[in-house]
Amino acid sequence: MIKVNELSKKYNAENVIDDLSFTLESGTIYGLIGSNGSGKTTLIKCLTGIYRPDKGEVTLDNNLIYENRNAKREIAYIEDTPQHINHFTVTRMGLYYGSFYDDFSHERFLELADELSLNPKAHISNMSLGQKKKLSFALAFARNAKHIILDEPENGLDNESRLVVRKLIQDAADNGASVLISSHDLTNIEDMCDTIFMIDKGKIIYTDSIDDILENASKWLIKATDASDLDAYVLQQEDDVMTVVLLRDRVSAREYLLSKNTTIIDSLKVELIDTYMALKEVGNNE
Ligand code: ADP
């Protein structure tokens, strides 16, 4: 189990990660969501033992991860920007990468490369960003890592590869891995993850299972004279007609809206992005 305990990380005396605590359990897919600059990559670099925390700690099975080779070997990490050795071919990169990890299968790597339409003889220097990203996946999933951390995994991938990658992620979790996926694109996350950490300015503003997040929020098209009088996040407004998100389930939200003398025109399907916007607003008001 990866455990984050009161973790803070600063750049230039300013906290970019601010007193975070959470755990990543096996068999679960977590989504780390937040806008650009909210601290996702910095957090991931602490989780993967690359950055030294300024305060608090990150442990894997009770051992500190920072500067701990054994702990780091249990984690497969896919960076947003792939870092391969440019003058290698795909096959050679597999042999090189595999030499660092006991759980790497070269046979599986070649299978994955094929599934992701990568030519084993291709030179990395001639590959597109998307192809390099696919190579990162083939390398990481040719291992049997207990913990998988993916920074913006779907950036640059075509739709076909996305489906392959999603299946790899789901299979890994079904086999007991803990998976953390960071993204600023909430629609991808909504489909893949069990639990969400919403991060803003280095703090977790909300965490819950996707099902509970969506059950405890609702979206409405309403007619109201004064939006500022409502405990609601206004997504869109034209005169007195507006689309609002309430951080309440549908039944209590309906009661609340009616008690505020609004006219409900329609009940809409709430999505993760809606709750994220509403929660961010609440966080900023506090
Ligand atoms: P995200 O991955 O969510 O986009 P980052 O973790 O990359 O966020 O960045 C969080 C904040 O830290 C941003 O304000 C960014 O400008 C700042 N930051 C990131 N890396 C550095 C660095 N090496 N030196 C100084 N500031 C940094």
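Residues numbered from 1 in each chain as written. Predicted model: local features only at pLDDT ≥ 70, side-chain atom pairs only at ≥ 80, totals over all residues. Heavy atoms only, no water.

Below, the discussion takes up the domain arrangement of the chain. In many analyses, interface size is given as the accessible surface area lost on bringing the parts together. The domains assigned to the chain are domain 1 (2–208) and domain 2 (216–285). Once you take the C-alpha centre of each, domain 1 and domain 2 turn out to be 35 Å apart. Between domain 1 and domain 2, the residue contacts involve 13 residues of the former and eight residues of the latter. Both sides together, the interface formed by domain 1 and domain 2 hides about 970 Å², and carbon and sulfur atoms give 68% of it. Contact with domain 2 buries surface across domain 1, with Leu186, Glu190 and Met198 losing the most and accounting together for 46% of the total. For the pair domain 1 and domain 2, the interface holds zero salt bridges. Counting every contact that joins domain 1 to domain 2 gives three residue pairs in polar contact (both at pLDDT 80 or more). Those elements that provide at least two residues to the side of domain 1 that touches domain 2 are α7 (186–192), β9 (195–200) and β10 (203–209). (Domains from an automatic or database assignment. Contact = heavy atoms within 4.5 Å. Buried area = accessible area lost by both parts, 1.4 Å probe. Salt bridge = Lys/Arg side-chain N within 4 Å of Asp/Glu carboxyl O. Polar contact = N/O pair within 3.5 Å; in protein donor to acceptor, adjacent residues only side chain to side chain. Helix = DSSP H or I, 4+ residues; strand = E, 2+ residues; numbered from the N terminus.)

A few words now on the packing of aromatic side chains. Think of a pair of aromatic rings as described by two things: how far the centres are apart, and how the planes are tilted against each other in angle. This structure, assessed with the given rule, holds nine aromatic pairs. Arranged with centres 5.2 Å apart and planes meeting at 80 degrees, the rings of Tyr96 and Phe100 form a pair that is edge-to-face. Classification of Tyr96 as partly exposed rests on a relative accessible area of 37%. An aromatic cluster is present here, built from Tyr97, Tyr101, Phe104 and Phe109 joined pairwise through their rings. One Lys or Arg, Lys9, reaches over the ring of Tyr51 and ends 5.4 Å from the middle of that ring. Cation over ring: Arg248 sits above Tyr256, and NZ or CZ is 3.9 Å from the ring centre. (Phe/Tyr/Trp six-rings, centres within 6.5 Å; stacked < 30°, edge-to-face > 60°. Buried < 20%, exposed > 50% of the residue type's maximum accessible area, 1.4 Å probe, protein only. Lys NZ or Arg CZ within 6 Å of the ring centre and 35° of its normal.)

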